[in-house]
Amino acid sequence: AQTVTQSQPEMSVQEAETVTLSCTYDTSESDYYLFWYKQPPSRQMILVIRQEAYKQQNATENRFSVNFQKAAKSFSLKISDSQLGDAAMYFCAYRHFSGTYKYIFGTGTRLKVLA
Amino acid sequence: NAGVTQTPKFQVLKTGQSMTLQCAQDMNHNSMYWYRQDPGMGLRLIYYSASEGTTDKGEVPNGYNVSRLNKREFSLRLESAAPSQTSVYFCASSERPASNQPQHFGDGTRLSIL
């Protein structure tokens, strides 16, 4: 069975600095999708970035980028130029490419941004 | 653009009471999901519906039932609420299974069982 592990329950970053959130996963599949979701205090889950496993290029969305290491089964999120609005819980999620409809979420990392 | 709408947003129940959480999406998505979120546990899948007319158990289905009423609506029912079911419940939908499209979430329902 697939698992997703976020080993950092909480992280802090100074405003305007860069922070990296870690995520590792375990799967025997070769094709899958990976996602990072943000959950601010409002509780709304917001998609931050997605990565297809068959793509070697790391995904980037403005200040957010990932370091996808398929062999190591690692999918870390880098936030550059951190802003106060980035403070939230961040969840890493895995989804198999096809044949199953299940998303598997990690336990989350709470990010604090210090002014 | 409403997206995924959950009702109610908050609810307090007594042990043994029953309740149905409602979820509707207006994005014409095929798949819908119910999760519960507990501190330190992340999101755990309760039930999902890959398409209209089908439902399947997720990771933690015990104590719950679901109904995929039509393509838009997917409800979650607690027949006899227990304190262990105190949690935040999220409904989500996605376009289709074989897709890189993410899930879209509702705002959640905070449910307390006394």
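Below or above, wherever it landed, is the structure these notes cover. Values in this document were obtained by computation on a predicted structure and should not be read as measured data.

Observations regarding the packing of aromatic side chains
Logical step 1: Evaluated as defined, the whole model comprises 17 aromatic pairs over all chains.
Logical step 2: In this structure an aromatic cluster arises from ring pairing among A:Y33, A:F35, A:Y37, A:Y103, A:F105, B:Y33, B:Y35, B:F90 and B:F105.

A look at the interface of chain B and chain A
Logical step 1: Opposite the 31 residues of chain B that make contact, chain A presents 20 residues.
Logical step 2: Both faces combined, the contact of chain B with chain A buries some 2,100 Å², and carbon together with sulfur accounts for 54% of it.
Logical step 3: In this structure, the connection of chain B to chain A is made through zero salt bridges.
Logical step 4: Here chain B and chain A share five residue pairs in polar contact (both at pLDDT 80 or more) between them.
Logical step 5: Only strand 4 (31–38), strand 5 (42–49), strand 9 (87–94) and strand 11 (109–113) of chain B provide two or more residues apiece to the side of chain B that touches chain A.
Logical step 6: Taken together, the residues that form the side of chain B that touches chain A break down as 14 nonpolar, twelve polar and five charged.

Criteria and thresholds
- Residues numbered from 1 in each chain as written.
- Chains lettered and ligands numbered in written order.
- Predicted model: local features only at pLDDT ≥ 70, side-chain atom pairs only at ≥ 80, totals over all residues.
- Heavy atoms only, no water.
- Phe/Tyr/Trp six-rings, centres within 6.5 Å; stacked < 30°, edge-to-face > 60°.
- Contact = heavy atoms within 4.5 Å.
- Buried area = accessible area lost by both parts, 1.4 Å probe.
- Salt bridge = Lys/Arg side-chain N within 4 Å of Asp/Glu carboxyl O.
- Polar contact = N/O pair within 3.5 Å; in protein donor to acceptor, adjacent residues only side chain to side chain.
- Helix = DSSP H or I, 4+ residues; strand = E, 2+ residues; numbered from the N terminus.
- Nonpolar A, V, L, I, M, F, W, Y, C, P; charged D, E, K, R; others polar.

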